[in-house]
Amino acid sequence: MQQQQYPIGVPGQPWGESEKKEWLQQQRVQRSYEADVISQIERFKARFDVREYGQLEYASQRYPLYAVLSLDWDDEKPTVLVTGGVHGYETSGVHGALKFIDEQMQAYQDVFNFIVTPCISPWGYETINRWNPDAVDPNRSFYQPSPAQESGFVLQLIADLGVDLLAHVDLHETTDTDNSEFRPAKAARDGEVNTNWNIPDGFYLVTNSENKQIEFQQAVLAEVAKVTHIAPADENNRLIGTDIDIPGVISYPTHELGLCIGLSQAMYVTTTEVYPDSENATPEQCIDAQVAAVVGALNYLR
């Protein structure tokens, strides 16, 4: 696939404030955070500790942010963080987190404390966007001071809870719009040329290159494989342009890049990626694969 000229900005020149404003003016609400996400979270209040941990305010829009925690918190238990919707457009991450809470979380509460943030980027969810309104990627912003409100609120939540995390599973997906919109937009924003157009067909994981925990990653993949297929490496033995560590797993320096799974010093971390546009999987399978990933992680750890 060849580089396409993005309709905003001048090729080779990073965006200034005028280009970012032009980009923002083109974004439109396409679905409802309140109807799709908050309505489900409201139902959890009878079974779990539901907390509002911040509010995003963009222009005339206000988005409350919610975390769902174990109802009977026990400081003697290890704590697991599950995050969804860091990139709001990645639908199965949001709905996978919600489905995990609804169908699986209670079964593991005797062993673990849970913190689940189902939709970190609600504006991105509504506008089907990777960035926030400031054209900032929350998944490169998990450091202080954070350039993304979405990431900063999560960092503050974990700090306020004062817990050491045992594990963190961050739920993501890759869609065809990565190539049609988000990769060209990023190249235009940064004044660069995109050279990676690979979208793996299937499920794979991204872990911390400084602490890969390969057996843990394999346990997650084994559970997911019961639901959907694991993405094969390309002809260069890579996934999204990155050398694989083992089949279905690549790694990045997560702290250095400001990735969500780098927000803590948790021993066991993984980011899921699944391809909902695949001819070999349905959107519902992708949601179930996200749940399976969390379950696989928990079964390994308990």
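Use the structure listed above.
Residues numbered from 1 in each chain as written. Predicted model: local features only at pLDDT ≥ 70, side-chain atom pairs only at ≥ 80, totals over all residues. Heavy atoms only, no water.

Focus on the state of the cysteines
- Taken as a whole and assessed by the stated rule, the structure comprises zero disulfides.
- Note on Cys119: no disulfide assigned, nearest cysteine sulfur contributed by Cys260 at a separation of 12 Å.
- The class of Cys119 is buried, set by a relative accessible area of 3%.
- For Cys260, a relative accessible area of 0% puts it in the buried group. (Disulfide = S-S within 2.5 Å. Buried < 20%, exposed > 50% of the residue type's maximum accessible area, 1.4 Å probe, protein only.)

Here's the deal with the packing of helix 3 (residues 91-103) against helix 10 (residues 283-301)
- Contact geometry for helix 3 and helix 10: axes closest at 8 Å, N-to-C directions at 55°. Considering their axes alone, helix 3 and helix 10 lie oblique with respect to each other. For the pair helix 3 and helix 10, the crossing hand works out as right-handed. Facing Ser92, Gly93, His95, Gly96, Lys99 and Phe100 of helix 3, the residues of helix 10 in contact are Glu284, Cys286, Ile287, Asp288, Gln290, Val291, Val294 and Leu298.
- By residue class, the composition of the contact of helix 3 with helix 10 is six nonpolar, five polar and three charged. (Axes fitted to C-alpha atoms, helices over the stretch in contact; angles between N-to-C directions. Helix = DSSP H or I, 4+ residues; strand = E, 2+ residues; numbered from the N terminus. Parallel < 35°, antiparallel > 145°, perpendicular 65-115°, else oblique. Left-handed = near helix turned anticlockwise from the far one by under 90°. Contact = heavy atoms within 4.5 Å. Nonpolar A, V, L, I, M, F, W, Y, C, P; charged D, E, K, R; others polar.)

Overview of the side chain of Ser141
- Following the sequence through the fold, Ser141 ends up in the loop between helix 5 (122-127) and helix 6 (149-161).
- Judged by relative accessible area, which is 2%, Ser141 ranks as buried.
- In this structure the side chain of Ser141 is engaged in a polar contact, spanning 2.8 Å, whose partner is the backbone oxygen of Asp137.
- Other than its neighbours up to four places away in sequence, Ser141 contacts Val136, Ser146, Pro147, Ala148, Ser151 and Gly258. (Polar contact = N/O pair within 3.5 Å; in protein donor to acceptor, adjacent residues only side chain to side chain.)

With respect to the packing of aromatic side chains
- Tallied over the full model, the rule gives 12 aromatic pairs.
- Summarising the aromatic geometry, the rings of Tyr33 and Tyr63 are spaced 6.1 Å apart at their centres and angled 65° between planes, so their arrangement reads as edge-to-face. Of this pair, Tyr33 sits in helix 2 (residues 33-43) while Tyr63 sits in strand 2 (residues 61-69), and the two are 30 residues apart along the sequence. Like Tyr33, the residue Tyr63 is buried in the burial classification.
- The interplanar angle of 50° and the centroid separation of 5.3 Å between the aromatic rings of Phe216 and Tyr268 together place this pair among those described as tilted. Here Phe216 is found in helix 8 (residues 214-224), whereas its partner Tyr268 is found in strand 10 (residues 268-273), with 52 residues between them in sequence.
- Since its relative accessible area comes to 0%, Phe216 is described here as buried.
- The class of Tyr268 is buried, set by a relative accessible area of 17%.
- Through a chain of ring-to-ring contacts, the aromatic side chains of Tyr6, Trp15, Trp23, Trp123 and Trp131 assemble into a single cluster. (Phe/Tyr/Trp six-rings, centres within 6.5 Å; stacked < 30°, edge-to-face > 60°.)

Overview of the nonpolar core
- Ranked by size, the top nonpolar core spans 79 residues in total, and within it Phe100, Phe114 and Leu263 carry the most contacts.
- Broken down by element, this core gets its largest block of residues, 10 residues, from helix 10.
- Discounting residues that sit within four places of it in the chain, Phe114 has contacts with Val68, Leu69, Ser70, Trp73, Val80, Phe100, Met105, Tyr108, Gln109 and Leu298.
- Tyr204, Val206, Ala231 and Leu239 belong to the second largest nonpolar core, which has seven residues in total. (Core = buried A, V, L, I, M, F, W, Y, C linked by side-chain atoms within 4.5 Å.)

Looking at the pairing of strand 2
- In terms of burial, strand 2 is a largely internal element, seven of the nine residues being buried.
- The pairing of strand 1 (residues 49-58) with strand 2 spans nine bridges and is classified as antiparallel. Within the sheet, the bridge partner assigned to Leu56 lies in strand 2 and is Tyr63.
- From the end of strand 1 to the start of strand 2, which pair antiparallel, there are two residues, and Ala59 there has a positive phi angle of about 55°.
- Both strand 2 and strand 4 (residues 113-117) contribute to a ladder of two bridges, which runs antiparallel. Bridged to Leu69 within strand 4 is Ile115. (Pairing = 2+ DSSP bridges.)

Topic: the environment of Leu221
- Examined against the element boundaries, Leu221 turns out to sit in helix 8.
- Between the C-alpha atom of Leu221 and that of Ala148, which follows or precedes it by 73 residues, the distance is 31 Å.
- Here Leu221 is in contact with Phe203, Leu205, Ile230, Pro247, Gly248 and Val249, once residues within four sequence places are set aside.

Quick look at the sheet that holds strand 1
- The strand order 1-2-4-3-5-10-6-9 describes an open sheet built from eight strands, whose pairing is mixed. Each having just a single partner strand, strand 1 and strand 9 (249-252) make up the two edges of the open sheet. The mean inter-strand angle of the sheet, taken between neighbouring strand axes irrespective of direction, is 20°.
- Bridging between strand 3 (residues 79-84) and strand 5 (residues 165-171) involves six bridges; their strand directions are parallel. Among the inter-strand pairings, Thr79 is bridged to a residue of strand 5, identified as Leu165.
- Relative to the sheet, helix 6 contacts strand 1, strand 2, strand 3 and strand 4, its axis offset from that of strand 1 by approximately 150°.

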